[in-house]
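# Remarks on the overall topology
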Amino acid sequence: MINKLNNNLYDAKGSLWRKWDLHVHPPGTKQNDGYKIGDNNEDVWNKFCEKIEQSDVLVFGITDYFSADGYKNFIEKYESKYPKSKKRFFLNIELKLNESVNRQLEEVNIHLIFNSSVVSKVDKFLNELKVVKTGKDQVPIKCSELKTKQDYESATTTRNYLKEAFKNTFGEAIQRECFLVFTAANDDGIRPKSGAKRKEAISDEIDKFSDGFFGGVQNQKYFLKTNRLEEKELFIGKKPVISGSDAHSFDDMDKFLGRRFIKKSADGNEIIIKDVTWVKADPTFEGLRQILYEPEPGDRVWIGPDVPDRKENYQIIKKIKFSNTSDFPEEIEFNQNLCSIIGGRSSGKSALLNYITHAIDPELVEKGLEIKSAGEGEEYRWEEIKINYEVEWQDGFISKRESKNSRKILYLPQNYLFKESKDPDEIKRKIEPILFKKFPEFERQYKNSIKEIEDLNKKIIDLIEKWFQLMDSIIKLEERNKALGDKKAIEEEKQKIERKIDGYKEKYSLSEIELEKYQYIRNRETELKSKINKNEEELELIQSVLGEEGAFQDLKLELDPTLDLLPREFTEKINNELNKNKKDVLENVNKTACKYKENLVKNIRESEDELKKTLDDNKSLLDKYKKNEELEELITKVNEYKETLRIINNNENEIELRTKELGGIETKVKQFSQNRNNIIESLKDSINSLNQENLDIKFGVEYQIREEDISRVSEKVNVKEKTSFVQNYQLQIEFIRENPGQLLRSIYFGDQKINSGYKKEEVAFELLTLTETILFVGIMEGDHIGGFSETTMTPGRRALFLLRLILAESDEKWPILIDQPEDNLDSKSITKEIVPFLREKKKDRQIIMVSHNANFVIGADSEQIIVANRNGNESQNQDGKQFNYLTGSIEYTKEKDESIKDTLRSQGIREHACLILDGGRDAFEHRRNKYNIVS
C-alpha cells in the first residue's frame, strides 16, 4: 500500500520544529485495544481519524504488534476522509524480544519504524521474520502466520531473526529502510547498569543494535554517552531519545497526544509520565534520520512541552521580497536558525545577502562598511539599482532602504573575520567595550586612572617647565654676581677705603658727627634711589601684563580632581557654584591688584619726596663735603661697594632658596612618576580580582612602554655616547625615573647631549612623561590575544574570539549575516573552532550565511540551504530569472532528473550541496559516520 500523503514533503523554509508522535495504536490493534470496536466500527475509525487530524502533532507512527494491518487500515480510511491532509504517517511495527532485563521478566520491546517507500515490502519482511509462540515446543514460525490475539500476545523474536529478515528483504542497509527504536526504563525496556552483570550485558548488546530509544522524558542522558558499554575501548555513538504517547484509547489520545502529562505521586511530588517529542526536520524518513546524526537534545530532537530555541518574532527575518524586476524571484523565505546560501561563482549568493542587509540598514552598508554595490558590475551599484526590495520580519514589520528602520543586524562582510582577527590592534580595541559592559565598576576605575595619569603627566610637565625657569634664573643670578665681582675682594677694597676716610678725619680734623651724618645721608640717598627704581620696574611690569587699567579680564577656576568623569547633574551644580562666586572673586582680585599698583605709585612718590627733602635739608653739609673732592669720591666709592655687597648677598640668598626649590621639584617629579606606576599596578590588581569564572572570554591587563614611543624619544637624544642615561644605545628608562634631578641637570648643562633641532626642555618633558600604554588581554580556553605578547590563538580561534566579542557587544539577539567566513581560514580552524560556535549560537540568533565550504554548511547542520543559480546555457533557470534560488533542508534529497531543464529543481538540496560545496560529499559522510552510523 502506498501512503499518498507522504509525497512532496520538503518545506522551502528547511528544517522546522514539529511535534512527532511515533507510537500511536489505531483501533483494532492486535493487543490491548482500548477503542472497543464493535457494531460501531466505522464511527470509531472516524473518531480516531478526526482526533489525528485535529491534533497539533504533524508526524505519527501508526503502531501494531507484529503486524502492519493497523497501519494499512488506518491509511485507507484516513486518505478517504482527509485526502489533502498535511499530516504524515510512518508504519511502526512493535515486537517483543525473547530477552528480559528486569525483575518482572518482561520481554524487551522493539519498534520498527519503516521508510514509507518500502511499506510495500513489509509483507515480505513479516513473511521472512521468525517468531516463537509461548509454549512447550518453541518452534519458530513466520510472523505472518500469527492469527489470534493470543498468538500476538505470546509471540517473541530475536535479534538474529530480525537481522536475517532484514537482510533477506532489504539487503544490508538496514537504516535506510527502518529505524530501530527500543524502549528504555519502562517495564518492557532495557535497564542500563542495573547491577546484574548478565542483564547489563544483554542491555549493552541491545544498545549496540538500536538506533534510538523511547525514553518518555528528556533526562535520558545515559544514551548520549559514548563510553557507556563494558568494552571501554569500543566507541559507540550517542543514541537519540524520543517520547511517544503509546495511545491505546481515545482517553489516552486526549491525555497524551501532543501533551505533557503530569501525575502526582503519593508524597505529593509531580512526576512527568508522558511528554512531547519535537523533531526539527522535514516530515520524512530522511528527516527522522537526522536525529541519528544530531542526537543531542535541542539539536534535532527535543522532549518537552515547547521548542528549545524560541526566538522573538521581531528579531527574525521572515523573507525578502523583490518587485519591479525580472532578475529575482518575488520572494525568498528564511528559516529562523541557520540559513546557508550556496552557489557557483557570481551566482547571486553575496548579492542576496547584500540586498537583505541594505534593505535593513543602508547606512551601515554604504558608509559603515563601505560596500558599494549588491553584486559584481556597475549595474549593481546602489545608486544604479532600480528594482524594489524589502525585508519582512516575522512580526510583519517591513524594512526597506527608503524608510527609517528600527531593526538591526550584525553584518560581517567577506574576509571580515580573517582581516580583523589578523589585526591585533583591532581586536584590542574591541575588547575594551565588552570588558566595560561586563564590569562597569572597573570601567569607572579605568577612566579615573587614565585621567589621573594624564593629570600627573601634566603636573610633571609644569614642574619641569618651572625647573628650567628656576635654573635659568639661578644661572642669571650667578652670572650677575660674577659680573659684580669677587665678594671677598670687594669687602677688602671697602675696608681699605674706609681706613682712608678715617685718615682724612684725622688730617682735616673733621667732625665725627658730621662725617657720620654725611655718610648716612649718602647711604640713604642710594637706598631711596634703589627703592624708586625697584618700584618703577614692578609698576612697568604690571602695566605690561595687565595693561594701563591694571586689571585681570577673566578667572578660570579648576578643581583637583577635575569634574570630567563625575555625574552630569553633580558637575552642573558644582559649575553653577563656581560661576556664582566667579564675579565676586574676580572683583576682589582686581581690587587687590589696583591697591598694590596704587601702593607702588605712592611708594615712588613718597621715596622721591623723602629723597628731595633729605637732600634739601642737608644741602649745606653736602656742599661742604663736596668741596673736598677726594673725600667725596671715597665716600661714594664705599657706598657703591656696600650696595654691591648687598646685591651679592641678596643674590646668594635667592640662589640658595631657588636651589632648594629645585630639589623639591625633583622630588615631586620622582614621586609623581611612582604614583603613575602605582595607578597602573592597581588597575592590574583590580582586573585580576574580578569574578570572571563563568565568562567564555576572560580579561586581563598588560602594560609597557611602546617601542615606537621609545624610538620617538630616542631620536631626539644622542644615544651613541654612553652616559648614565644611555647604555648600549638604549635609554635607561628606570634609571631616568629614579634620578629625574640628575637627568634634568645633565640635559641642562649638556652632559646628556640632545640631537640638533630639539629643545632641551621638550626632550626632558618627553623622557619624564614616557608612560606605559595599557592594553587589555582576552583569554579564551587558555589561549590569549591582545596586550603586547604574541597571541597563542590559531587563525580560527582568533576569528572565533572576534565573533564572540562582536556578539557580546549587545544583549539583543538580532540576526547575524555573514559572507563567506571561511575565507583564508584553514579547515581545522573551521571545523574545531568556528563550526561548534555557530551550532550553539544559531539557537539564540538567526544566522544567514554565504559559504562555499561544506564544513560550515553541513558541519554546522544548517536548517536551511539556499542554492543560488545564475541563468546561463549550462545552468538554466526555466522561469527566465537572471538569479533564482532553491531553498530547503539538508535532508531534502532527490536524484538528478535529466528531463527537468530547470537547474535548481532538477535535483534535491543534498545533491546540489554535494556538487557545489568544497568537500560536500565528504562532509555528508563525516556527519553520517561520526557516531558509527551504518548507512
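Everything that follows concerns the structure shown earlier in this document.
All of the points below concern the structure found in this document. All of these numbers come straight from a predicted model, not from anything done at the bench. (Residues numbered from 1 in each chain as written. Predicted model: local features only at pLDDT ≥ 70, side-chain atom pairs only at ≥ 80, totals over all residues. Heavy atoms only, no water.)

### A few points about the side chain of Asp-282
Looking at the secondary structure, you find Asp-282 in the loop between strand S13 (277-280) and helix H8 (285-293). Of the side chains bearing the opposite charge, Arg-18 lies closest to the buried Asp-282, which forms no salt bridge; the N-O distance is 4.8 Å. Within the structure, the side chain of Asp-282 is placed 2.6 Å from the side chain of Ser-889, a separation counted as a polar contact. (Helix = DSSP H or I, 4+ residues; strand = E, 2+ residues; numbered from the N terminus. Buried < 20%, exposed > 50% of the residue type's maximum accessible area, 1.4 Å probe, protein only. Lys, Arg positive; Asp, Glu negative; His and termini not counted. Salt bridge = Lys/Arg side-chain N within 4 Å of Asp/Glu carboxyl O. Polar contact = N/O pair within 3.5 Å; in protein donor to acceptor, adjacent residues only side chain to side chain.)

### Regarding the packing of aromatic side chains
Inspection of every chain in the model, using the stated rule, returns 37 aromatic pairs. A ring pair is formed by Phe-125 and Phe-166, whose centres lie 5.0 Å apart and whose planes are at 35°; its orientation type is tilted. With Phe-125 in helix H3 (residues 122-128) and Phe-166 in helix H5 (residues 159-170), the pair connects residues that are 41 residues apart, well separated along the chain. The residues Phe-125 and Phe-166 share a single accessibility class, namely buried. Judged by centre distance (5.7 Å) and plane angle (50°), the ring pair of Phe-468 and Tyr-748 falls under tilted. Linking Phe-468 in helix H13 (residues 440-484) with Tyr-748 in helix H21 (residues 740-748), this pair joins segments that are 280 residues apart in sequence. Residue Phe-468 is classed as buried on the basis of its relative accessible area, which comes to 5%. Classification of Tyr-748 by relative accessible area gives buried; the value is 15%. (Phe/Tyr/Trp six-rings, centres within 6.5 Å; stacked < 30°, edge-to-face > 60°.)

### Quick look at the sheet that holds strand S29 (residues 883-888)
One open sheet accounts for six strands, arranged S20-S26-S27-S17-S28-S29; its pairing is mixed. The open sheet has two edge strands with one neighbour each: strand S20 (410-412) and S29. Mean inter-strand twist for the sheet, computed between neighbouring axes without regard to direction, equals 15°. (Pairing = 2+ DSSP bridges. Axes fitted to C-alpha atoms, helices over the stretch in contact; angles between N-to-C directions.)

### Notes on the pattern of salt bridges
Think of it this way: side chains of opposite charge can pair up when their charged atoms draw near. Inspection of every chain in the model, using the stated rule, returns 64 salt bridges. The residue Asp-11 makes a salt bridge to Arg-18 at a minimum N-O spacing of 3.3 Å. With a relative accessible area of 12%, Arg-18 lands in the buried category. Close ionic contact of Lys-321 with Glu-390 constitutes a salt bridge, the shortest N to O distance being 3.6 Å. Of this pair, Lys-321 sits in strand S15 (residues 317-323) while Glu-390 sits in strand S18 (residues 388-393), and the two are 69 residues apart along the sequence.

### Considering the nonpolar core
For soluble globular proteins, the rule of thumb is that nonpolar side chains tend to be buried together. Judged by nonpolar contacts, the single largest core of 83 residues is most densely connected at Phe-442, Leu-767, Phe-776 and Phe-801. Sorting elements by how many residues they give to this core places H13 first, with 13 residues. Residues Tyr-35, Tyr-82, Val-118 and Phe-125 belong to the second largest nonpolar core, which totals 60 residues. (Core = buried A, V, L, I, M, F, W, Y, C linked by side-chain atoms within 4.5 Å.)

### Structural notes on the sheet that holds strand S16 (residues 331-333)
Strands sit in the order S16-S15-S18-S19 across an open sheet of four strands; the sheet is antiparallel. Taken across any chain shown, the strands that pair with only one partner, and hence form the sheet edges, are S16 and strand S19 (398-400). Geometrically, the sheet is characterised by an average inter-axis angle of 20° between neighbouring strands, direction not taken into account. Summarising the sheet, S18 and S19 pair through three bridges and their orientation is antiparallel. Across the sheet, residue Glu-390 finds its bridge partner in S19, namely Lys-400. Here helix H9 (residues 349-360) sits on the sheet in contact with S15, S16, S18 and S19, set at roughly 75° to S18. (Contact = heavy atoms within 4.5 Å.)

### Comments concerning a negative patch on the surface
A surface patch of like charges, here negative, comprises Glu-536, Glu-537, Glu-540, Glu-608 and Asp-609. Taken together, the elements giving at least two residues each to the negative patch come down to helix H15 (512-546) and helix H16 (568-617). Looking at the negative patch, the element that brings in the most residues is H15, giving three residues. Following the sequence through the fold, Asp-609 ends up in helix H16. For Asp-609, a relative accessible area of 47% corresponds to the partly exposed category. (Patch = residues over 30% accessible without salt bridge, like charges linked within 9 Å, V, L, I, M, F, W, Y side chains within 5 Å. Areas by Shrake-Rupley, 256 points an atom, 1.4 Å probe, with all protein chains shown as cover. Charge placed at Lys NZ, Arg CZ, Asp CG, Glu CD.)

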